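Listed below are the residues making up each chain.
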Amino acid sequence: MKGETGFDPGLYERFPTKGPRPKGELEALEQVWCGPKGWQWITAINNNFIGVYYVGAAMLFFVLAGVLALLMRTQLALPMNGFLPQETYNQMFTVHGTVMMFLFAVPAVEALGVLLLPQMVGARDLPFPRLSAYAFWAYLIGGLAFFCSIFFGLAPNGGWFMYPPLTSTTYSPGINADFWLLGIGFIEISAIAGAIEIIVGVLRNRAPGMTLDKLPIFAWAMLIFACMIIIAFPSIILSTLLLEVERALGWPFFDALKGGDPLLWQHLFWFFGHPEVYIIFLPAAGAMSTIIPAMARTRLVGYRLVVLAMLATGFISFGVWAHHMFTTGMPTISTSFFSAASMAVSLLT
Amino acid sequence: MTAPTPGTSGWPPPALDPAGPFAGPLNVLAWVLFAMAAAVLVIVLVALGVALFGPRRWRARLGGERLIWIGGLAFPVVVLSALLIYGLGLTSRLTEEPAAGEMRVRVTGEMWWWRVAYLDAHGREALQDANELHIPVGRPVVLELDSADVIHSFWVPRLSGKVDMIPGRRNLMRIQADAPGVYGGQCAEYCGGPHALMGFVVVAHEPAAFEVWRARQAAPAPAAATSHPGAAVFDRAGCGACHTVAGTAFNGLAGPDLSHVGSRRTLGAGILPNNQGTLAGWIADSQSIKPGNRMPAYPVLTGQELRDVSAWLESLE
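Residues numbered from 1 in each chain as written. Chains lettered and ligands numbered in written order. Predicted model: local features only at pLDDT ≥ 70, side-chain atom pairs only at ≥ 80, totals over all residues.

Chain B is annotated in an unreviewed UniProt entry as Cytochrome aa3 subunit 2 of Brevundimonas viscosa. Database annotation for chain B, UniProt heading Function (unreviewed entry): "Subunits I and II form the functional core of the enzyme complex. Electrons originating in cytochrome c are transferred via heme a and Cu(A) to the binuclear center formed by heme a3 and Cu(B)." (UniProt positions renumbered as here; feature names shortened; annotations may be inferred.)

As annotated in an unreviewed UniProt entry, chain A carries the name Cytochrome c oxidase subunit I+III and comes from Brevundimonas viscosa. Database annotation for chain A, UniProt heading Sequence similarities (unreviewed entry): "Belongs to the heme-copper respiratory oxidase family." As stated in UniProt under Subcellular location (unreviewed entry), the record for chain A gives "Cell membrane".

See below:
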């Protein structure tokens, strides 16, 4: 008698097995499950290893961006300090913001998911281990290449929000901004790949009997996180694409002189940028909701309410992006609506 | 180098010291929100203390779903709704449509200075100035905010909130000062290069003094001024290609209007006190004072030429 997934519950009857173990079984198991040796660590794909690399790389970028912050604070310690040249300072704060948001915050929580999720839902690995290995290596190499641009004075200098027309070819003629647009575009594609993996992992690879209402709260948070990435990140990919097409081919999307509108960028950017806040926040909240009950040796109070609140937060967070644009002269009715939505999202948070 | 922006009410411009009806409500709202947040923080900390150290019976009460419904939903719904209604009511006056008869000034953000044009009753540009905005006290002044290049943001914290200057759009804002004085301002949207050195001042006059100021600004340079040896240096160095001096042949439009530069309080967009010494230093090497600004340095001018041209400019009041 097979279940709908093809799993035969009758197999449970065989466990625990009795009788002698086959010869060489232990050695074979140890060989299959042992960690990578020597150069094998480059080709490792199991989530236990990729997850650790992934968390480590995110921490590396955290430290690198932190060093930039220290240099900037040194410059700012005295008025008109001459510690950093103006152009270097502008590049540093752009790279600092970009690295913290795109190369630390999102990858760090995604890495935590890669590391912990399979074990939490009772799977041996994520559904597409090679995809997660690929996402990690693409992220590490791409991120380091992006960061190194600062050593050559070629780092982007338009701020981490990259508002055109400051970042259009007229005012940023060098290749600095192109580094940002192409680099971030590809990093976001890698993040979407990771998100698909997490969704499939949570929805399809759970242990038998683990229904959604028994899912660990962290897995719920990661599921919502991954769905939000899939909705929000295409917006930033689209905006980087449009700006790159404008820069490379002269198509006017953001250039007011040719009929474009700089505010289009701000809408696209913040439609990604505000959900991004909750994309970072929800996994952390999920981790806390897992750690605290475990440490306090109690059950999580109001499991269903917490899940509901996280779902609603994820949903409403897509309706508040324009509160980053209150100074752009939007009509009062728009600002009032976005004020109310911003308060509604804090309610559920 | 000196600390920036002399002659203003402190640097950076104080954000929590409103001096007009368009800044006051924002300050009140900020403090109300801060006080509410502080109160909620205290409640949460007390609850945390009870959860950690309180008697068993209290802890059991904290660990129930009823508390989530009350503390997590009902309480925030009530508090946030009240705050939203209060906040929208408090700030509704700030966004009223400007009336027809109000004084209008067009301020255009440029990399990295401010072009100022006072409009007459027909909306024509009647007076040109730069980096300094003069207003009469006690009545609102409507600002038409434009941009000539990238996005800037106009911010005089003591007189109003900030409003962006966006290419291809024209935003309106109103400011009003209740008392005469000098109010510092700063570009509040990163605009590349020396964005941090893009300041300005708003000078509020009593109505009578404002009319005196306006009459003096409207007058062109006195005829005697053009025979000054500094005017010849100005001509030879090609300054007139970018700068206008009303009443002379110098009519460039790329840089700030210098017709009355001697009467301005600051130099280099709000960053230096304006006197003959700083003027000469700015002309000789503005690039080391404000790196990347659009005015080339003039190391070719001799000391005597610098003294002449700065003395002449300083005399244009």
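Anyway, onward from the coordinates.
Enquirer: Lay out the environment of Val-320 of chain A in plain terms, naming residues and giving numbers.
Expert: All names here are of chain A. Structurally, Val-320 can be placed in the loop between helix H8 (303–316) and helix H9 (332–348). Classification of Val-320 as buried rests on a count of 24 C-beta atoms within 10 Å. Separated by 50 residues in sequence, Val-320 and Trp-270 have C-alpha atoms that sit 8.9 Å apart. (Helix = DSSP H or I, 4+ residues; strand = E, 2+ residues; numbered from the N terminus. Buried ≥ 20, exposed ≤ 12 C-beta atoms within 10 Å, placed from the backbone.)

Enquirer: Pulling in residues and values, what's your account of the nonpolar core?
Expert: Residues Ala-221, Met-222 and Phe-225 of chain A are the most contacted members of the largest nonpolar core, which totals 141 residues. Looking at this core, the element that brings in the most residues is helix H6 (residues 217–249) of chain A, giving 16 residues. Three or more residues apiece are contributed to this core by two domains, here domain 2 (103–217) and domain 3 (223–315) of chain B. Not counting residues within four places of it along the chain, the set of residues in contact with Met-222 of chain A comprises Gly-113, Leu-117, Ile-198, Val-202, Pro-283 and Gly-286 of chain A. (Core = buried A, V, L, I, M, F, W, Y, C linked by C-beta atoms within 7 Å. Domains from an automatic or database assignment. Contact = placed C-beta atoms within 7 Å.)

Enquirer: Account for the interface of chain A and chain B, with residues named and values stated.
Expert: Contact residues are listed per partner, giving 25 residues for chain A and 31 residues for chain B. When contributions to the side of chain A that touches chain B are tallied by element, the ones reaching two or more residues are helix H7 (262–296) and H9 of chain A. No other element matches H9 of chain A, which puts seven residues into the side of chain A that touches chain B. When its residues are assigned to classes, the side of chain A that touches chain B shows 14 nonpolar, ten polar and one charged. (Nonpolar A, V, L, I, M, F, W, Y, C, P; charged D, E, K, R; others polar.)

Enquirer: Tell me about the pairing of strand E4 (residues 132–136) of chain B, residues and numbers included.
Expert: Residue and element names in this part refer to chain B. Burial within E4 is extensive, with five of its five residues counted as buried. Of the two faces of E4, both are covered, the one formed by Glu-132, His-134 and Pro-136 as well as the one formed by Leu-133 and Ile-135. The pairing of E4 with strand E10 (residues 199–205) spans five bridges and is classified as parallel. Its bridge partner being in E10, Ile-135 is matched across the sheet by Ala-204. (Pairing = 2+ DSSP bridges.)

Enquirer: I'd like a rundown of the UniProt feature "transmembrane region" (unreviewed entry) in chain A, residues and numbers included.
Expert: Residue and element names in this part refer to chain A. Per the UniProt annotation, the sites labelled "transmembrane region" (unreviewed entry) are residues 52–72, 92–117, 137–159, 179–203, 215–243, 277–296, 303–322 and 328–348. Regarding residues 137–159, the helix share stands at 52% and the strand share at 0%, and the terminal C-alpha atoms are separated by 26 Å. Annotated as 100% helix and 0% strand, the span residues 179–203 places its first and last C-alpha atoms 36 Å apart.

Enquirer: Give a detailed account of the environment of Ser-132 of chain A, specifying residues and quantitative values.
Expert: Residue and element names in this part refer to chain A. By secondary structure assignment, the location of Ser-132 is in helix H4 (residues 129–148). Given 27 C-beta atoms within 10 Å, Ser-132 falls into the buried group. It is 41 Å that separates the C-alpha atoms of Ser-132 and Thr-327, two residues lying 195 residues apart in sequence. Once you skip the residues sitting within four places of it in the chain, Ser-132 turns out to touch Asn-47, Ile-50, Val-114, Leu-126, Gly-194 and Glu-197.

Enquirer: A description of the packing of helix H3 (residues 86–120) of chain A against H7 of chain A should follow, citing residues and the corresponding values.
Expert: All names here are of chain A. Packing of H3 against H7 leaves a shortest axis separation of 10 Å and a crossing angle of 35 degrees. Helix-helix and strand crossings are classified by hand; for H3 and H7 the assignment is left-handed. Of the residues in H7, those in contact with Met-101, Ala-105, Val-106, Val-109, Leu-112 and Gly-113 of H3 are Glu-276, Ile-279, Ile-280, Pro-283 and Ala-284. (Axes fitted to C-alpha atoms, helices over the stretch in contact; angles between N-to-C directions. Left-handed = near helix turned anticlockwise from the far one by under 90°.)

Enquirer: Tell me about the pairing of E10 of chain B, residues and numbers included.
Expert: Regular strands show a simple pattern: their side chains alternate between the two faces of the sheet. All names here are of chain B. Most of E10 is tucked away: six of the seven residues are buried. Direction of pairing for strand E9 (residues 181–187) relative to E10: antiparallel, over a ladder of six bridges. Considered in E10, the bridge of Gln-186 is made with Gly-199.

Enquirer: Please set out the sheet that holds strand E7 (residues 163–165) of chain B residue by residue, giving values where relevant.
Expert: Residue and element names in this part refer to chain B. Reading across the sheet, the five strands line up as E4-E10-E9-E6-E7 and stay open at both edges, with mixed pairing between neighbours. At either end of the open sheet lies a strand with only one pairing partner, and these are E4 and E7. Within the sheet, the average angular offset between the axes of one strand and its neighbour, ignoring direction, is 25 degrees. Here strand E6 (residues 152–155) pairs with E7 via three bridges, running antiparallel. In the sheet register, Ser-153 faces E7, and the bridge partner there is Asp-164. Docked against the sheet, helix H4 (residues 207–218) engages E4 and E10, running at close to 135 degrees with respect to E4.

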